[in-house]
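# Structural characterization, general
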Amino acid sequence: MSRLTLAVLYGGRSGEHEVSCISARSVVRAADPDRFSVVEVFIGQDGRWWVDGQPVWLRLDRVGKAVLVAGGQEIVCDVVFPVLHGTYGEDGTVQGLLEMVNVPYVGADVLGSAVGMDKGVQKALLREAGLPVVPFVVVEAYRWQRDPQGVGERVATLGYPCFVKPTRLGSSVGVHRVEDPEALPGAVQDALRYDLAVIVERAVPDPVEVEVSVLGNDDPIASVPGEVRPARPKYAFYNYQAKYLDPQGAELVIPAQISPQRAEEVRVLAREAYRVLRLSGMARVDFLLEPAGRVYVSEVNTIPGFTPISMYPKLWEASGIPYRELISRLVDLALARWARRNALCTVYEGGARIRMEVSQA
C-alpha cells in the first residue's frame, strides 16, 4: 500500500507561533515513516506559506487533495494536519479554507474550532448545557474604552483575585492573575493587545489542575487524567514561562493524584464537553478541582500542544496509545469524517428544476 502524503501546517499568525513550531517538529518526528510521507508547510507571521524555503500556492482543481505548488513543483497531499495554535489556525479559519477545497484534515471542523477557540462562547455553551464552569464575564475592547468604571463594577461581582485572559488565544499568552481592582486596568489593556475581547474569571482558591485528553468523532474516548503542579511560589499559575521556558516550571503527574471516583467524574465531563462543543478528532479538556470537592471545566483546547512535554500525547501514552499510533489514529479519524461529509447530498432536485427552467427561459 502506498504511503499517504501528510501536510503538517505550522507557525501561523498568532502569539503562539513559536509553540506551534515546537509542536510540529514533534509531530513530524512521530509520524510513521512506513505510512506517511510528511510535507512540512511553514506559515510565517505575515501569513505567507512556505515549503523548503519556497513560497507556496494552493491549487483547487483536485477533489480531496491539497495540491501545493512550490518552486514550480506540484506536491499532492492526501491529508492536512494543522498544528496551528491560536488565531488563524485553531479558530476555524484554516479549517474553513480546507473545507472549501474539500481536503481531509485533522481535528475539529469550522464550528467546533470557532467555539472552542472563543473562551466566552465556549463557556456560555458549556454553562447552558449544565456543565460546571467558573463564574465569568466577557469584556469587549470597545466596552472597556467607553466605560472602564462600569467594567470594574461588573468584575467586582466576581470578586478578587481573578484571572484576565484574551478570549481567543491559548498557551497562557496575555493571561494575568489580578489580586485587586488597582491591577485590573493594566491586565485588561495587556490582554487586549492580543484580542478584541477578554474574559475575566473568578480565581478558584488552591485548585488541583487536572487535564484529560479526548480522541474520536462520534464516540470519543477519554484518557487517564493528568495533574499539573506549577512550581509555587515561583509561579502563581501555569503561565507561558512555566509551560515552555522553564524545565522546572511545573511538575506533570500522570495519573493525577485524585480519587478513582473523581478521575471518572472528570473523564465523563471531558466527553460531555467534547460533545456539547461539537468537536471531532481531538481535544484536551482542562479542569479546576476545589479542595472542598467541586469540579469546574476550565477550558477546552481543540489543537492541544504536541511538544515533547505536552500533556495531550503524554496522557495517551499513559493510556496505552503511543505517540506514533496517536498520529495515525488522528489521520484515520480525519479521513473517516471527510468520507462521511462527502457522502451527504449536495444537489437538491428542486434546484435542478429551477436551473432548467431558467436555462430554457
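Residues numbered from 1 in each chain as written. Predicted model: local features only at pLDDT ≥ 70, side-chain atom pairs only at ≥ 80, totals over all residues. Heavy atoms only, no water.

## Concerning the pattern of salt bridges
So the rule is basically this: The salt bridge criterion pairs a side-chain nitrogen of Lys or Arg with a carboxyl oxygen of Asp or Glu, the two atoms within 4 Å. Helix numbers and strand numbers start at the N terminus; a helix is a DSSP run of H or I with at least 4 residues, a strand a run of E with at least 2. The rule is simple: take the accessible area with a 1.4 Å probe, protein chains only, and divide by the maximum for that residue type; under 20% is buried, over 50% is exposed, in between is partly exposed.
Per the counting criterion, the structure on display carries 18 salt bridges. For Arg-262, the salt bridge identified is with Glu-265, shortest N-O distance 3.6 Å. With Arg-262 and Glu-265 both in helix α9 (residues 260-276) and three residues apart, the pair spans about one turn of that helix. With a relative accessible area of 36%, Glu-265 lands in the partly exposed category. One salt bridge in this structure joins Glu-264 and Arg-267, with 3.0 Å as the shortest N-O distance. Taken together, the residues span about one helical turn, with Glu-264 and Arg-267 both in helix α9 at a distance of three residues. Several salt bridges share partner residues, and in doing so they unite Lys-123, Lys-165 and Glu-201 into one network.

## Side note on the packing of helix α10 (residues 311-318) against helix α11 (residues 323-342)
What counts is decided by this rule: Axis lines are fitted to C-alpha atoms, over the contacting stretch for helices. Their N-to-C directions set the angle, which ranges from 0 to 180 degrees. Angle categories are assigned with fixed cut-offs, so that under 35 degrees is roughly parallel, over 145 is roughly antiparallel, 65 to 115 is roughly perpendicular, and the rest are oblique. Only heavy atoms matter for contacts: two residues are in contact if any of them lie within 4.5 Å across the pair. When residues are sorted by character, Ala, Val, Leu, Ile, Met, Phe, Trp, Tyr, Cys and Pro go into the nonpolar class, Asp, Glu, Lys and Arg into the charged class, and all the rest, Gly among them, into the polar class.
The geometry of α10 relative to α11 is characterised by a closest axis approach of 9 Å and an angle of 105° between their N-to-C directions. One element, α10, and the other, α11, form an angle in the roughly perpendicular class. Facing α10, whose interface residues are Tyr-312, Pro-313, Trp-316 and Glu-317, α11 presents Tyr-323, Leu-326 and Leu-330. Among the residues forming the contact of α10 with α11, the class breakdown is six nonpolar, no polar and one charged.

## With respect to unusual backbone geometry
With an omega of 0°, the peptide bond between Tyr-160 and Pro-161 qualifies as cis. Tracing the backbone through its elements, the reader meets Pro-161 in the loop between α6 (148-156) and β9 (162-166). Ile-254 connects to Pro-255 through a cis peptide bond whose omega is 0°. Within the secondary structure, Pro-255 is located in the loop between β15 (250-253) and α9. Positioned with a positive phi, Asp-206 is a non-glycine residue whose angle comes to about 45°. Summarising the element assignment, Asp-206 is placed in the loop between β11 (197-202) and β12 (208-216).

## A few points about the packing of aromatic side chains
What characterises a pair of aromatic rings is the spacing of the ring centres plus the angle enclosed by the ring planes. What counts here: For this analysis, a ring pair means two rings from Phe, Tyr or Trp (six-membered ring only for Trp) whose centres lie within 6.5 Å, classed as stacked if their planes differ by under 30 degrees, edge-to-face if by over 60, and tilted for the remaining angles. By the criterion adopted, a ring carries a charge over it if an Arg CZ or a Lys NZ lies within 6 Å of its centre and within 35 degrees of its normal.
Evaluated as defined, the whole model comprises four aromatic pairs. Where Phe-306 meets Tyr-312, the ring centres are 5.6 Å apart and the plane angle is 55°; that geometry is what we call tilted. In this structure, Phe-306 and Tyr-312 share a single accessibility class: buried. One aromatic cluster in this structure is built from Phe-81, Phe-306, Tyr-312 and Tyr-323. We note Arg-13 situated over the ring of Tyr-88; from NZ or CZ to the ring centre the distance is 4.1 Å.

## Details of the sheet that holds strand β8 (residues 136-140)
So the rule is basically this: Pairing between strands is defined by DSSP: at least two bridges between the two strands are required.
Strand order in this open sheet of four strands is β8-β11-β9-β10, and the pairing throughout is antiparallel. Edge strands, defined here as strands with exactly one partner in the open sheet, are β8 and β10 (176-178). Strand-to-strand twist in this sheet, taken as the mean axis angle between neighbours without regard to direction, amounts to 25°. As judged from the five bridges shared by β9 and β11, these two strands associate in the antiparallel manner. Opposite Val-164, over in β11, you have Val-200 as the bridge partner. Its contacts with the sheet put α6 on β8, β9 and β11, and the angle it makes with β8 is roughly 165°.

## Details of the pairing of strand β2 (residues 36-43)
Of the pairings in the sheet, the one linking strand β1 (residues 4-11) to β2 comprises eight bridges and is parallel in character. Paired with Leu-4 across the bridge in β2 is Phe-36. Where β2 and strand β3 (residues 49-51) come together, two bridges link them in antiparallel fashion. When the sheet's bridge partners are listed, Phe-42 is paired in β3 with Trp-50. Remark: five residues form the turn of the hairpin made by β2 and β3, two consecutive strands paired antiparallel; Gly-47 in that turn has positive phi of roughly 90°.

## What about the environment of Arg-294?
Stated formally: Counting of polar contacts relies on pairs of N or O atoms within 3.5 Å, with two restrictions inside protein: one atom must be capable of donating a hydrogen and the other of accepting it, and residues adjacent in sequence are counted only when both atoms are side-chain atoms.
Here Arg-294 is to be found in the loop between β16 (281-289) and β17 (295-301). For Arg-294, a relative accessible area of 46% gives the class partly exposed. Linking Arg-294 and Pro-207, residues 87 residues apart in sequence, is a C-alpha distance of 9.9 Å. Ignoring any residue separated from it by four or fewer positions in sequence, one finds Arg-294 in contact with Pro-132, Leu-288 and Leu-289. At a separation of 3.1 Å, a polar atom in the side chain of Arg-294 contacts the side chain of Tyr-296.

## Observations concerning the environment of Asp-34
Within the element layout of this structure, Asp-34 appears in the loop between α1 (17-30) and β2. For the pair Asp-34 and Ser-2, spaced 32 residues apart in the sequence, the C-alpha separation amounts to 9.0 Å.

By themselves, these figures tell us nothing about what the structure is for.
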